[in-house]
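Each chain, letter by letter, is given below.
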Amino acid sequence: MTGVLLGLLLFLPWDAFAHVFPDHSDPRVGSEIKDAPSSVRIWFDGQLEPIFSTLQVFDSSGKEVTHQDARVNEKDTAILEVSIPHLPPGKYQVNWKALARDGHLTEGKFYFTIK
Amino acid sequence: MKKSLTISFLFLFITIFGFAFSPCSLWAHGIVGQRFFPATLSVDDPFVADEMTLLAYSHIPNPEPADSTHTLSQAYHAGVSKRLTRDLGIELTAAYLQDHFDGGNIEGFDNLAAAVKYVMFNSPAHEFLMASSLDFDIGGTGTRTVGDPFTTVTPNLFFGYGLGDLPDSLMYLRPFAITGQVGIGVPFTDGSSNNGTSDYSSSLNYGFTVMYSTMYLQSFVKDIGLPKPFSRTIPVVEFTFNNPINGPNQYNSPQSYAYPGFLWIGKYWELGLEAVVPMNSTTGSQTGVQALVHLFLDDLAPQIFTRTLSGEVLGPTQTK
Ligand SMILES: [Cu+2]
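No experiment lies behind these values; they were computed from the predicted model shown.

For the rest of this paragraph, the subject is the overall build of chain A. Summing up its helical and strand segments, chain A has 1 helix and 8 strands in all. Helices and strands appear in chain A in the N-to-C order α-β-β-β-β-β-β-β-β. Across the 115 residues in chain A, those meeting the buried criterion constitute 43%. The long-range share in chain A, meaning contacts at least 24 apart out of those at least 6 apart in sequence, stands at 60%.

The following block contains the structure:
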């Protein structure tokens, strides 16, 4: 039984890309920071498809504050990043959508606070 | 290409159908909203998925305290599940059972188990999901000393709920999720065909799980700097109850176990390790152990497993 299953596994393409999940970010998820950041970056655990991967930052009134230039980093396609203008203190919400190379979409949101 | 895919699926299922299957539940994983639900070891969850359980092993000493000659029960499970549409899936499970008694062993393949499952409702915003299934323990397909000679049909209801919409004041509780399952197993027998090793009464089976996802904590609530592998570990407690509702054992208390343990979520793999803790006199006082090695086929081979048999693209195992 196990032999058959293992045999089957040998024929699976192991270089496939899977769901991507965030590994860490800058600013960090849920963090309180002193200096306003100039960008938001999220490192994922797999490679992203540039098209359809999005990253937006909203202020506490729900207004988008990002420059709308979200992109997958050219040198490291596991990084999703967006630039932001100098922000006043407040709580900010980051929304992201990440499309893995094989079409698996994951999404999520988190907050950071500028003191 | 399409044709060869269909043939390879048929081959896969025929190969696995060639072995005996067990009445145990299959182990599903899935995503709803930003919540990833792992496969749990004892309670099936509400997803239909493309995945494979390479091995689920359980080791329970003194499984029936009333029968002191039954010293150890070991089970080896394997199974596959495949989506037919985004919300409809089939599951197949096989098991090899070894029951050790004072003065000898009984072992062999358990009956073939097959299930059809349907996701009825999901809400990504509330990380909530409901499903139903019809499970078949197909009589006479296992080794005669181990598998029942009759078929048992079990209609089931499932739910999964992530606590991600708790208010800010309770944000550290957001990584919690619960899942649950309830079903009634109805044996198709007149009661005279019992082979002595099994129980032919109808039974109410239910269970639930409580888990805390460190992935959810780190990615959506607060990055507290947990290193790997702890940042991909889900502490979990499962509970199962099996209660005869007619037949000779109907007045016994339910067979109930608690399963505290850990799940580790890799990119293509999941590993699980849990204690099997008896909760009443029906299940005794000796703690056992169970383990799981599980593969996410949709992630391992998306070219194959995220499609229907006719080649239509389903996308990954998650709700829309
Ligand atoms: Cu998956």
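Looking now at the overall build of chain B. Along chain B, the regular secondary structure elements total 4 helices and 15 strands. A buried classification covers 54% of the 320 residues belonging to chain B. Long-range pairs, those at least 24 residues apart, make up 62% of the contacts in chain B between residues at least 6 apart in sequence.

What follows covers the sheet that holds strand β3 (residues 39–44) of chain A. An order of β1-β3-β6-β5 (chain A) is seen for the 4 strands of this open sheet, with the pairing classed as antiparallel. Looking at strand neighbours, the two that pair on one side only are β1 (22–26) and β5 (71–72) of chain A, the edges of this open sheet.

Turning our eyes to something else, we now look at the sheet that holds strand β7 (residues 90–99) of chain A. With respect to topology, 4 strands assemble into an open sheet ordered β2-β8-β7-β4 (chain A), the strand pairing being mixed. Two strands bound the open sheet, and with one partner strand each, they are β2 (32–33) and β4 (54–58) of chain A. In terms of strand pairing, β4 of chain A meets β7 of chain A through 5 bridges, oriented antiparallel. By the bridge assignment for β7 of chain A, Q56 of chain A is matched with N95 of chain A. Taken strand by strand, helix α2 (residues 214–221) of chain B contacts β7 and β8 (105–114) of chain A, and its axis lies near 55° from that of β8 of chain A.

Bringing α2 of chain B into the picture now. Counting buried residues in α2 of chain B gives 8 out of 8 residues, a clear majority hidden from the surface. Among the residues of α2 of chain B, those classed as buried are T214, M215, Y216, L217, Q218, S219, F220 and V221 of chain B.

All right, on to the layout of surface pockets then. Each pocket or cavity is described by its volume, and for the second largest pocket that value is around 420 Å³. Every residue lining the second largest pocket is counted, 20 residues in all, and those nearest its centre are N95, G108 and K109 of chain A together with Q34 and A125 of chain B. Elements with a minimum of two residues in the lining of the second largest pocket: β4, β7 and β8 of chain A together with α2 of chain B. Sort the elements by how many residues they give to the lining of the second largest pocket and β8 of chain A lands first, with 4 residues.

Let us now look at empty space enclosed by the protein. The tally for this structure, following the rule as stated, stands at 7 cavities of 30 Å³ or more. Considering only enclosed or pocket space, the largest cavity measures out at about 80 Å³ in volume. F21 and P22 of chain A together with Q34, R35, F36, S213, M215, Y216, S219 and F220 of chain B are the residues that line the largest cavity. Broken down by secondary-structure element, the contributors of at least two residues to the lining of the largest cavity are β2 (35–37) and α2 of chain B. The leading source of residues in the lining of the largest cavity is α2 of chain B, at 4 residues. Of the residues that constitute the lining of the largest cavity, the class distribution is 6 nonpolar, 3 polar and 1 charged.

Ranked by internal contacts, the top residues of the largest apolar core, which has 28 residues, are V40, F44, L55, V57, V94, W96 and F112 of chain A. Those elements giving two or more residues to this core turn out to be β3, β4, β6 (79–83), β7 and β8 of chain A together with α2 of chain B. Apart from the residues lying within four places of it in its own chain, the contact partners of F112 of chain A are P27, R28, S31, I33, P37, V40, V57, G90, K91, Y92 and V94 of chain A. Among the nonpolar cores identified, the runner-up in size contains 23 residues, and F21 of chain A together with F47, A56 and I265 of chain B belong to it.

Detailed conclusions should not be drawn from predicted coordinates in areas where pLDDT is low. Residue and element names in this part refer to chain A. When pLDDT is averaged along chain A, the result is 85; 83% of the residues meet or exceed 70. The spread of mean pLDDT over the elements of chain A runs between helix α1 (residues 2–10), the lowest at 51, and β2, the highest at 96. Below a pLDDT of 50 lies the segment residues 9–17, which in the model reaches 24 contacts outside its immediate sequence neighbourhood of four places, other chains included.

Let us look at the pattern of salt bridges. All chains considered together, the criterion is met by 15 salt bridges over all chains. Of the charged contacts, one joins K117 of chain B and D44 of chain B as a salt bridge, the two residues approaching to 3.3 Å between their closest N and O atoms. A residue pair is termed long-range when its members are at least 10 positions apart, and K117 of chain B in strand β7 (residues 112–123) and D44 of chain B in the loop between β2 and β3 (51–61) qualify at 73 residues. Taken together, the salt bridges that share partners define one network made up of R41, D69, R71 and E81 of chain A.

Enumeration according to the criterion identifies 15 aromatic pairs over all chains in this entry. Relative to Y259 of chain B, the ring of Y257 of chain B has its centre 6.1 Å away and its plane inclined at 40°; by these criteria the two rings are tilted. Looking at Y259 of chain B, the relative accessible area reads 7%, which means it is buried. The structure contains a cluster of three or more aromatic residues connected by ring pairs, namely F44 and W96 of chain A together with Y216 and F220 of chain B.

Our next topic: a nonpolar patch on the surface. Residues and elements named next belong to chain B. A cluster of nonpolar side chains, Y118, M120, F121, L157 and V182, forms an exposed patch at the surface whose accessible area comes to about 450 Å². Here the nonpolar patch takes 3 residues from β7, the largest share from any one element. With respect to the helices, strands and loops of the structure, F121 is situated in strand β7.

As a further point, take unusual backbone geometry. P27 of chain A follows D26 of chain A through a cis peptide bond whose omega is 0°. Relative to the assigned elements, P27 of chain A resides in the loop between β1 and β2. Here the residue pair K228 of chain B and P229 of chain B is connected by a cis peptide bond, since its omega of 0° sits within 30 degrees of zero. Considering the arrangement of structural elements, one finds P229 of chain B in the loop between α2 and β12 (233–244). Despite not being glycine, Q68 of chain A shows a phi value in the positive range, around 55°. Mapped onto the fold, Q68 of chain A is located in the loop between β4 and β5. One non-glycine residue, N62 of chain B, lies in the positive phi region at around 45°. Mapped onto the elements, N62 of chain B comes out in the loop between β3 and β4 (70–83).

What counts and how
- Going along each chain's sequence as written, the residues are numbered from 1 onward.
- All chains are assigned letters beginning with A, and all ligands numbers beginning with 1, in the order in which they are written.
- Only residues with pLDDT of 70 or above have their local features reported here, since the model is predicted, and side-chain atom pairs are shown and tallied only from 80 upward, although totals for entire chains, interfaces and linings are computed over all residues.
- Based on all heavy atoms of the structure, the side-chain values leave hydrogens and waters out of the count.
- The way it works is that DSSP assigns letters per residue, a run of H or I at least four long becomes a helix, a run of E at least two long becomes a strand, and they are numbered from the N terminus.
- Burial here depends on accessible area, computed with a 1.4 Å probe over protein chains only, as a share of the maximum for the residue type. Under 20% is buried, over 50% is exposed, and the range in between is partly exposed.
- Two residues qualify as a contact provided that any one of their heavy atoms is within 4.5 Å of a heavy atom in the partner residue.
- Here the rule is simple: two strands pair whenever DSSP picks up at least two bridges between them.
- The axes used here are C-alpha line fits, helices contributing only the stretch in contact, and every angle between their N-to-C directions lies in the interval 0 to 180 degrees.
- In this analysis, the protein atoms alone were mapped onto a 1 Å grid. Cavities are point sets where a 1.4 Å probe fits without being able to get out; pockets are open sets with protein on both sides within 12 Å along at least five of seven lines; lining residues have an atom within 4 Å of a point.
- Grid points are joined across faces, edges and corners, and a volume is the space filled by probe spheres set on the points.
- Side-chain classes follow a simple rule in which Ala, Val, Leu, Ile, Met, Phe, Trp, Tyr, Cys and Pro form the nonpolar group, Asp, Glu, Lys and Arg form the charged group, and the remainder, Gly included, forms the polar group.
- Definition of nonpolar core: a set of buried residues of the types Ala, Val, Leu, Ile, Met, Phe, Trp, Tyr and Cys, connected through side-chain atoms within 4.5 Å.
- Per-residue confidence from the prediction method is given by pLDDT, with values spanning 0 to 100.
- Throughout this description, the term salt bridge denotes a Lys or Arg side-chain nitrogen within 4 Å of a carboxyl oxygen of Asp or Glu.
- The pairing test for Phe, Tyr and Trp rings, Trp by its six-membered ring, is centres within 6.5 Å, and the orientation test on the planes gives stacked under 30 degrees, edge-to-face over 60, and tilted for anything in between.
- Distance thresholds for patches are 9 Å for like charges and 5 Å for nonpolar side chains (Val, Leu, Ile, Met, Phe, Trp, Tyr), applied to residues having over 30% relative accessible area and no salt bridge.
- Computed with a 1.4 Å probe, the accessible areas rest on the Shrake-Rupley method; for each residue, only the protein chains presented here act as cover.

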